[in-house]
Protein chains: 2
Amino acid sequence: LNTGSPRPIEAYGIGSFEGSPPRGVAKSGAGVIDLNALQSGGALRSLGLPESLFAGKSLNGFMSLGRDTWFAVEERLTELIETGQVPEEALHPLGSARLSLPVEVADFCDFYASEHHASNIGRILRPGTDPLPAAWRTIPLGYHGRAGTVVVSGTPVRRPMGVVMTADGPRYGPSGRLDLEVELGYVVGVPSNNGQAVRVEDAREHIFGVVVVNDWSARDIQAFEYQPLGPFLGKSFATSVSAWIVPLSAIELWAVDGPEQGDEVPPHLACAQPRAFDVNFELSINSTVLSRPAARYLHWSAGQLVSHLTSNGAGLRTGDILATGTVSGPEESSWGCLMELTWGGERPVSLSDGSRRSWLEDGDTVTITATCGSGGTVTLGDVAGKVLG
Amino acid sequence: LNTGSPRPIEAYGIGSFEGSPPRGVAKSGAGVIDLNALQSGGALRSLGLPESLFAGKSLNGFMSLGRDTWFAVEERLTELIETGQVPEEALHPLGSARLSLPVEVADFCDFYASEHHASNIGRILRPGTDPLPAAWRTIPLGYHGRAGTVVVSGTPVRRPMGVVMTADGPRYGPSGRLDLEVELGYVVGVPSNNGQAVRVEDAREHIFGVVVVNDWSARDIQAFEYQPLGPFLGKSFATSVSAWIVPLSAIELWAVDGPEQGDEVPPHLACAQPRAFDVNFELSINSTVLSRPAARYLHWSAGQLVSHLTSNGAGLRTGDILATGTVSGPEESSWGCLMELTWGGERPVSLSDGSRRSWLEDGDTVTITATCGSGGTVTLGDVAGKVLG
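For every chain, the first residue of its written sequence is number 1, and the numbers climb from 1 along that sequence. Naming scheme: in the order in which they are written, chains are lettered from A and ligands are numbered from 1. Only residues with pLDDT of at least 70 get local features here, since the model is predicted, and only at 80 or more are side-chain atom pairs given and counted; chain-wide, interface and lining totals rely on the full set of residues. Derived side-chain values reflect all non-hydrogen atoms in the structure, with water molecules and hydrogen atoms excluded from consideration.

Notes on the interface of chain B and chain A
Often the size quoted for an interface is simply the accessible area lost on bringing the parts together.
Then, in step 1: Each partner contributes residues to the interface: chain B has 50 residues there, and chain A has 50 residues.
Then, in step 2: The quantity reported as buried area is the accessible area (1.4 Å probe) lost by two parts once they are put together, taken as the sum for both. Together chain B and chain A conceal approximately 4,500 Å² of surface at their shared face, both sides included; 61% is due to carbon and sulfur atoms.
Then, in step 3: It is Arg146, Leu229 and Phe232 of chain B in chain B that bury the most area against chain A; as a group they hold 18% of the surface buried on that side.
Then, in step 4: Whenever a carboxyl oxygen of Asp or Glu lies within 4 Å of a side-chain nitrogen of Lys or Arg, that contact is scored as a salt bridge. The tally of links from chain B across to chain A stands at two salt bridges.
Then, in step 5: Between Asp320 of chain A and Arg146 of chain B there is a salt bridge, and its shortest N-O distance comes to 2.8 Å.
Then, in step 6: Pairing of N or O atoms within 3.5 Å defines a polar contact, subject to two protein rules: one partner must be a possible hydrogen donor and the other a possible acceptor, and residues neighboring in sequence count only if both atoms are side-chain atoms. In this assembly, chain B and chain A are joined by 16 residue pairs in polar contact (both at pLDDT 80 or more).
Then, in step 7: Only DSSP runs of H or I reaching four residues or more are called helices, and only runs of E reaching two or more are called strands; each is numbered from the N terminus. Of all the elements in the fold, those that place two or more residues in the side of chain B that touches chain A are strand E6 (108-111), strand E7 (142-144), strand E10 (161-166), strand E11 (169-174), helix H5 (219-225) and helix H7 (302-310) of chain B.
Then, in step 8: Top contributing element to the side of chain B that touches chain A by residue count: E7 of chain B, with three residues.
Then, in step 9: Counted by class, the side of chain B that touches chain A contains 27 nonpolar, 16 polar and seven charged residues. What makes two residues a contact is simply this: any of their non-hydrogen atoms within 4.5 Å. Under this grouping Gly is polar, as are all residues other than the nonpolar Ala, Val, Leu, Ile, Met, Phe, Trp, Tyr, Cys and Pro and the charged Asp, Glu, Lys and Arg.

Examining the confidence of the model for chain A
Should the pLDDT be low somewhere, the predicted coordinates at that spot are not to be read in detail.
Then, in step 1: Per-residue confidence for chain A gives a mean pLDDT of 95; residues scoring 70 or more make up 98%.
Then, in step 2: Scored as a complex, the prediction yields pTM 0.97 and ipTM 0.97. You can read pLDDT as the predictor saying how much it trusts each residue, on a scale of 0 to 100.

A short note on the side chain of Asn120 of chain B
Residue and element names in this part refer to chain B.
Then, in step 1: Of note, Asn120 is situated in helix H4 (residues 115-125).
Then, in step 2: Given the relative accessible area of 5%, Asn120 is considered buried.
Then, in step 3: Those residues in contact with Asn120, other than ones at most four positions away along the chain, are Trp335, Glu340 and Trp343. Under the scheme applied here, a residue whose accessible area is under 20% of the maximum for its type counts as buried, over 50% as exposed, and between as partly exposed, the area being computed with a 1.4 Å probe on protein chains only.

What about the relation of the copies chain B and chain A?
Then, in step 1: Copies are brought into register by a least-squares superposition over C-alpha atoms of residues with pLDDT of at least 70 in both. If you rotate chain B by 180° and push it 0.0 Å along the axis, it lands on chain A with an RMSD of 0.0 Å. Seen this way, the second copy is the image of the first under a two-fold rotation axis. Using C-alpha coordinates, one finds that chain B approaches the rotation axis most closely at Gly230 of chain B, a distance of 2.1 Å.
Then, in step 2: The residues that chain B uses at the interface reappear at the interface of chain A in 100% of cases, marking a shared surface.

Observations concerning the layout of surface pockets
Residues and elements named next belong to chain B.
Then, in step 1: With a 1 Å grid spanning the protein atoms alone, the term cavity applies to any set of points in which a 1.4 Å probe fits but cannot get out, the term pocket to an open set with protein on both sides within 12 Å along at least five of seven lines, and the term lining residue to any residue with an atom within 4 Å of a point. Grid points are joined across faces, edges and corners, and a volume is the space filled by probe spheres set on the points. Of the pockets and cavities examined, the largest pocket occupies roughly 560 Å³.
Then, in step 2: Approximately 440 Å³ is the volume attributed to the second largest pocket.
Then, in step 3: If you go around the second largest pocket, you meet 25 residues; those closest to its centre are Ile121, Leu125, Arg219, Gln222 and Met339.
Then, in step 4: At the level of elements, E6, H4 and H5 are the ones that each hand at least two residues to the lining of the second largest pocket.
Then, in step 5: Counting residues per element, the lining of the second largest pocket draws most heavily on H4, at four residues.

Focus: the sheet that holds strand E20 (residues 279-285) of chain B
Residues and elements named next belong to chain B.
Then, in step 1: Across the sheet, five strands lie side by side as E9-E26-E25-E20-E21; this open sheet has mixed pairing. Of all strands in the sheet, those bounded by a partner on one side alone are strand E9 (157-158) and strand E21 (288-291).
Then, in step 2: With three bridges joining them, E20 and E21 adopt antiparallel strand pairing. Note on E21: the bridge partner recorded for Leu283 is Ser291. Here, strands pair whenever DSSP counts at least two bridges between them.

Topic: the packing of aromatic side chains
Each aromatic ring pair is characterised by the separation of its centres together with the angle its planes make.
Then, in step 1: Two rings from Phe, Tyr or Trp (for Trp, the six-membered ring) form a pair when their centres are within 6.5 Å of each other. A pair whose planes differ by under 30 degrees is stacked, one over 60 is edge-to-face, and the rest are tilted. One pass over the structure, following the stated rule, counts 14 aromatic pairs over all chains.
Then, in step 2: Consider the rings of Trp335 of chain A and Trp343 of chain A, whose centres lie 5.7 Å apart with planes at 35°: the pair is tilted. For the pair Trp335 of chain A and Trp343 of chain A, one class covers both residues: buried.
Then, in step 3: Here Tyr12 of chain B and Phe208 of chain B contribute two aromatic rings whose centre-to-centre distance is 5.8 Å and whose plane-to-plane angle is 50°, an arrangement assigned as tilted. Of this pair, Tyr12 of chain B sits in strand E1 (residues 11-17) while Phe208 of chain B sits in strand E14 (residues 207-214); the two residues are 196 residues apart in sequence, bridging distant segments of the chain. No difference in accessibility class separates Tyr12 of chain B from Phe208 of chain B, as the two residues are buried.
Then, in step 4: Through a chain of ring-to-ring contacts, three or more aromatic side chains come together here, namely Tyr12, Phe54, Phe62, Trp70 and Phe208 of chain A.

Printed below as a string of structure tokens:
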């Protein structure tokens with residue numbers, strides 16, 4: 001089993017094989033390891049884990065056990081791989097696994113952590129004013145999304161219906177401005193107590209790993225509804241996440257400084273450098289690469305998002321997902337949604353088949369891949385979805 | 001067992017007795033019926049329900065089974081009560097039950113369904129402009145809240161911390177403008193499919209029942225954060241719900257016309273009268289009654305909230321709660337939050353001990369009770385919580 005990666009265990013997920021019930025799996029190169037088979041076969045016995053830990057339909061049980069267990073499992077799996085001790089019945093080719101949503105999602109939060117994205121949106125929607133919302137540099141702005149419509153990569157996404165403003169007034173119909181958003185999502189493993197804020201530097205005790213996120217957005221539905229309560233039905237129809245969760249410890253190897261923060265940041269959110277990750281995305285529609293957003297431009301760190309979310313006393317639960325919001329960089333080639341890439345729909349982008357897009361059309365497949373480091377050799381994951389009419 | 005109610009079975013909840021594990025219970029007058037004891041004793045055998053249906057920590061399993069089962073259970077329980085067949089071991093005095101959160105909350109949504117509330121907030125925050133948001137009469141405005149911090153009545157609520165604007169700029173500290181909101185909450189039993197909007201008239205197939213809600217709000221945290229993504233940490237620290245869920249069919253007996261709706265309402269949300277409920281609240285702080293909000297003034301009906309939420313294709317899940325937002329009537333005596341009652345903190349209210357309140361103080365206990373009908377003899381439920389510093 002040659003993974004071509006510095007870490008033999010790259011990611012965790014939920015998979016089934018030839019109709020078997022779903023169970024916890026680990027990705028290692030071109031192979032998928034059936035963790036439930038390992039556990040019931042005794043290969044993980046030394047770890048003293050619950051017998052059915054990997055027998056469920058989500059990784060929540062495993063994720064809740066904390067860093068010591070996460071590291072012990074990874075170490076033992078690495079040992080099994082490197083010594084050729086993975087039993088044949090627990091090893092499957094990557095393509096044979098049918099992957100499902102790896103997390104039972106508790107609460108889904110979405111932030112607005114990219115300065116370039118927030119500024120672009122401000123310039124498009126409120127030209128001539130300060131493009132950033134007043135509180136933007138002081139606290140990470142965010143909102144709660146719909147946990148029940150988070151779907152795994154590969155799930156088709158139906159074009160949402162909604163009430164939008166037309167020349168004849170508001171009308172209910174299919175969204176005409178369907179968009180995608182390139183995001184990174186932090187998946188919470190270890191819960192925190194209600195009433196107790198998580199410190200920025202302690203967030204890594206809670207975050208199990210990261211997923212790649214496409215936060216589908218209907219801009220016309222959103223525009224009609226968002227004052228004063230924020231995004232709602234323009235977002236809640238679907239959010240796609242990658243099937244593989246990459247351990248936080250893996251992307252921590254790619255920590256980089258990130259943008260400067262000003263003294264607007266209050267002391268409880270202050271955070272030493274480095275606090276960004278060198279994660280590089282590639283956004284495609286129907287195989288035409290449209291942009292390459294980069295997470296190193298994100299203004300707010302994972303630790304700051306977790307700390308802010310809990311700063312009012314709200315506890316974390318296993319399965320919470322905190323997404324960054326659209327990841328956009330300074331150049332047009334690094335913008336993370338059509339709203340920016342087409343500047344509000346005014347400047348359509350071209351696909352390789354010669355067609356043009358202001359917004360997504362029925363039948364379009366959106367694919368977002370992510371790799372770590374500038375070489376792009378270490379895959380972080382990918383999320384794909386086709387638009388159905 | 002004389003319930004003094006037209007319906008012997010008034011509500012369902014989750015309770016434990018003298019340290020027993022939590023189980024499903026029903027309220028009947030001054031008694032609590034242990035549904036798990038009935039089920040394991042065979043008294044519900046004719047219904048063919050799963051053996052452990054009432055053995056869990058939530059009512060979700062029961063709620064998911066749909067109206068036919070809800071009605072069959074109520075009918076059988078009524079028969080057992082009226083014929084004196086409830087076994088002694090399944091019957092407990094009301095005070096002996098330790099009640100817990102009756103629902104495993106899936107997604108929590110909050111709306112803005114009261115015209116009087118939305119208008120008052122507009123007048124306070126944006127004087128001199130049209131007080132209602134532009135889309136308000138066309139669609140029910142709403143947002144997703146935090147499901148993980150929904151707590152049962154009686155749970156103390158810690159004053160949230162947060163970043164608020166001060167004369168010296170933004171500062172992190174305890175909220176100085178802690179408020180309550182009187183709301184009604186619709187609890188979803190039967191899920192709906194993603195991609196399929198629920199029609200207004202079909203919402204009753206999905207809503208199991210109603211709870212009384214106190215949507216605690218930190219107005220200063222909310223004011224600093226809410227542009228442009230809406231309420232977030234100003235709300236997410238706690239939402240209290242009553243321990244008893246009253247079946248929808250019970251409050252449907254109290255259906256009333258509700259306010260007129262204009263032709264702004266799009267056809268898919270159109271709804272025949274009657275579409276409000278004659279539910280009357282009483283809001284108290286430390287036993288001083290401050291106001292009597294009435295649900296008959298709610299502009300948007302339960303069916304319209306459900307239909308709107310699913311109109312973009314988002315599915316319902318068992319355990320979703322849709323809250324109405326603050327219930328306020330036309331008169332000051334029927335306003336449902338301190339923001340309105342003190343007009344943004346400018347006109348403190350007086351309590352019976354001579355003290356005054358612009359906002360909640362540590363140690364204050366907020367109690368909201370609700371009854372059906374103008375006589376107020378049929379209890380809908382109550383929700384109480386004490387503010388801790």
